[in-house]
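Topology and contacts: notes
In case you want the letters, here they are:
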Amino acid sequence: MLIINDSKIGIGENQYYHLNAEEFYHWLNLHVPKVDHELAMRDYFMATNDPYSMCVGLEFLFMNDYYTELFQLIEKNKKHPKKLNNDWATFFDLTMAHHHKTMPFREISDRLQMIRTDDLSLKCLITFLMISIQIFFYDFDLIVNKLDQFREDSNKIHHSILHPYIQHRLDRAQFFHYWKRNEMILARKFGYQALAGVNNRIHLAYLHINLSFSFMFDDFDSSVYHIKEAYKIVKENNITNLLTEIEENNIPFIYAHFNKPEGIKTSDKSEQAHLALARGDTELAKQLLAEVTEITPFTKYYLGRAYSDKQMLIQSYNDFIEKQSDHFFARLPLMAIQKL
């Protein structure tokens, strides 16, 4: 029971749950301390029977890490007679499958394209998830096209609860877009905007990881600050798959890049080789790279450095640019060529 102006407001007694989500949010802003808003909104979304508010609740619960409640509300929306509620439920089923990597990305993409809706907010959410999936396939031409539409559609959304969440997703997409184009002033602008507007812990960790990489050619301390923030988040919240990625790949990569390999360990052969290069042990790096079976632009970069092979470094550069449209990490082999 909350005490407002010495009178009892029975939020727990549902006396305001007949309002739609925006009306309830407006009422909260007028009568309830901001510190209590999140839990009040969570409880509202679990109780409301207003059809569109049930949809809005899915985004609210997802963006604020209420996954147990989210799955319950997904099921409630699936049982609703309105197609729009069913479509939102389908979208969040696919979102969680992407979040936890329980479904192949191609299948998620195919299923997303089967959702036909006129709801602009849902369209924006679908567009963002499509962009997130295409990142894994390095289809950056498609991402650019979708990003333009995403910007246009997001500007038309004025729902007081949905708008900031969709804007946050747009900021994340723009951060990634400008980062890979090596336009770092714009990239960091959108990256820090996204950082300020996120409550979802996995999103927050990934933002810190990518911001850490964004400082690779500028500042060791800033790069390490962000990777340590990401590590702290995943460690405290026991996000095991991301914890492994940070420990085995991200931290070794960053410290090796800055030639600070002391005390850094990993079981990843490529990053062991990267650390060996940072220590000046090219023979060990060659031995380790001989055991690597997956040849990526990064592997070619390590091989080019280990063997002082200009052609291999050029291949690495071309692969970054032509296969991944990655103008940021393409700077790595270019720097190595300049040092030969």
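Before any of the text, the structure's been laid out above.
Residues numbered from 1 in each chain as written. Predicted model: local features only at pLDDT ≥ 70, side-chain atom pairs only at ≥ 80, totals over all residues. Heavy atoms only, no water.

Here we look at the environment of L129
Filter applied, for reference: Secondary structure follows DSSP: runs of H or I at least 4 residues long count as helices, runs of E at least 2 residues long count as strands, and numbering of each begins at the N terminus. Each residue is assigned to one of three classes by its accessible area relative to the maximum for its type, calculated with a 1.4 Å probe on protein chains only: buried under 20%, partly exposed between the two thresholds, exposed over 50%. Residue contacts are counted whenever heavy atoms from the two residues lie within 4.5 Å of one another.
With respect to the helices and strands, the residue L129 is situated in helix 7 (residues 120-137). For L129, a relative accessible area of 4% translates into the label buried. If near-sequence neighbours (up to four positions away) are discounted, L129 is found in contact with F91, L94, T95, H98, I108 and L112.

Side note on the packing of aromatic side chains
Here is the rule we go by: Two rings belonging to Phe, Tyr or Trp (six-membered ring only in the last case) form a pair when the distance between their centres is within 6.5 Å. Interplanar angles under 30 degrees mark stacking, angles over 60 mark edge-to-face geometry, and anything in between is tilted. Comment: the charge-over-ring label is applied if NZ (Lys) or CZ (Arg) is within 6 Å of the ring centre and within 35 degrees of the ring normal.
Evaluation of the coordinates by the stated rule reveals 31 aromatic pairs. Where Y17 meets Y44, the ring centres are 5.8 Å apart and the plane angle is 75 degrees; that geometry is what we call edge-to-face. Taken together, the residues span a long stretch of sequence, with Y17 in the loop between strand 2 (7-9) and helix 1 (21-31) and Y44 in helix 2 (residues 37-47) at a distance of 27 residues. No difference in accessibility class separates Y17 from Y44, as the two residues are buried. Considering the side-chain rings of F298 and F329, the 5.2 Å spacing of their centres and the 70 degrees angle between planes classify their relative orientation as edge-to-face. Taken as a pair, F298 in helix 16 (residues 297-306) and F329 in the loop between helix 17 (310-323) and helix 18 (331-339) lie far apart in primary sequence, 31 residues in all. Each member of the aromatic cluster is reached from another via a ring pair, and the members are F175, F176, W179, F213, F217, F253, F298, F320, F328 and F329. Over the ring of F215 we find R188, and its NZ or CZ is 4.0 Å from the ring centre. The ring of F220 carries the charged tip of K260 above its face, separated from the ring centre by 5.0 Å.

Some details on the packing of helix 16 against helix 18
Packed helices, taken two at a time, are described by the angle between their axes plus the distance between the axes. Selection rule: Between N-to-C directions, angles span 0 to 180 degrees; the directions come from axes that are lines fitted to C-alpha atoms, helices contributing only their stretch in contact. With respect to orientation, any angle under 35 degrees is reported as roughly parallel, any angle over 145 as roughly antiparallel, any angle of 65 to 115 as roughly perpendicular, and every other angle as oblique. Asp, Glu, Lys and Arg are counted as charged, while Ala, Val, Leu, Ile, Met, Phe, Trp, Tyr, Cys and Pro are counted as nonpolar; the rest, among them Gly, fall into the polar class.
It is the contact of helix 16 with helix 18, at a shortest axis distance of 10 Å, that shows an interaxial angle of 10 degrees. Looking at the two axes, helix 16 sits roughly parallel to helix 18. Counted together, F298, Y301 and R305 of helix 16 and L332, P333 and A336 of helix 18 form the full contact between these two elements. Considering only residue class, the contact of helix 16 with helix 18 consists of five nonpolar, no polar and one charged.

Some details on the side chain of T266
The cut-off we apply is this: Definition of a polar contact: a pair of N or O atoms within 3.5 Å, with one able to donate and the other able to accept a hydrogen when the atoms are protein atoms, and with sequence-neighbouring residues admitted only if both atoms are side-chain atoms.
Tracing the backbone shows T266 in the loop between helix 13 (240-257) and helix 14 (269-278). Since its relative accessible area comes to 12%, T266 is described here as buried. At a separation of 2.6 Å, a polar atom in the side chain of T266 contacts the main-chain carbonyl oxygen of E248. At 3.0 Å, the side chain of T266 and the backbone nitrogen of D268 are in polar contact.

Looking at the environment of I74
Along the chain, I74 falls in helix 4 (residues 67-78). Counting along the chain gives 27 residues from I74 to K101, while the straight-line C-alpha distance between them is 18 Å. Setting aside residues up to four positions removed in sequence, I74 forms contacts with L58, A89, F92 and D93.

Focus: the pattern of salt bridges
The line we're drawing: Salt bridges are defined as contacts in which a side-chain nitrogen from Lys or Arg sits within 4 Å of a carboxyl oxygen from Asp or Glu.
Counted according to the given criterion, the structure contains 16 salt bridges. A salt bridge links D87 to K83; the shortest N-O distance between them is 2.5 Å. Of this pair, D87 and K83 both sit in helix 5 (residues 83-100), four residues apart, roughly one helical turn. Of the residues examined, D87 reaches a relative accessible area of 11% and is grouped as buried. For K83, a relative accessible area of 48% puts it in the partly exposed group. The salt bridge partner of D218 is R188, with a shortest N-O separation of 2.5 Å. With a gap of 30 residues between them, D218 in the loop between helix 11 (201-214) and helix 12 (220-236) and R188 in helix 10 (residues 184-196) connect regions that are remote in the sequence. The class of R188 is buried, set by a relative accessible area of 16%.

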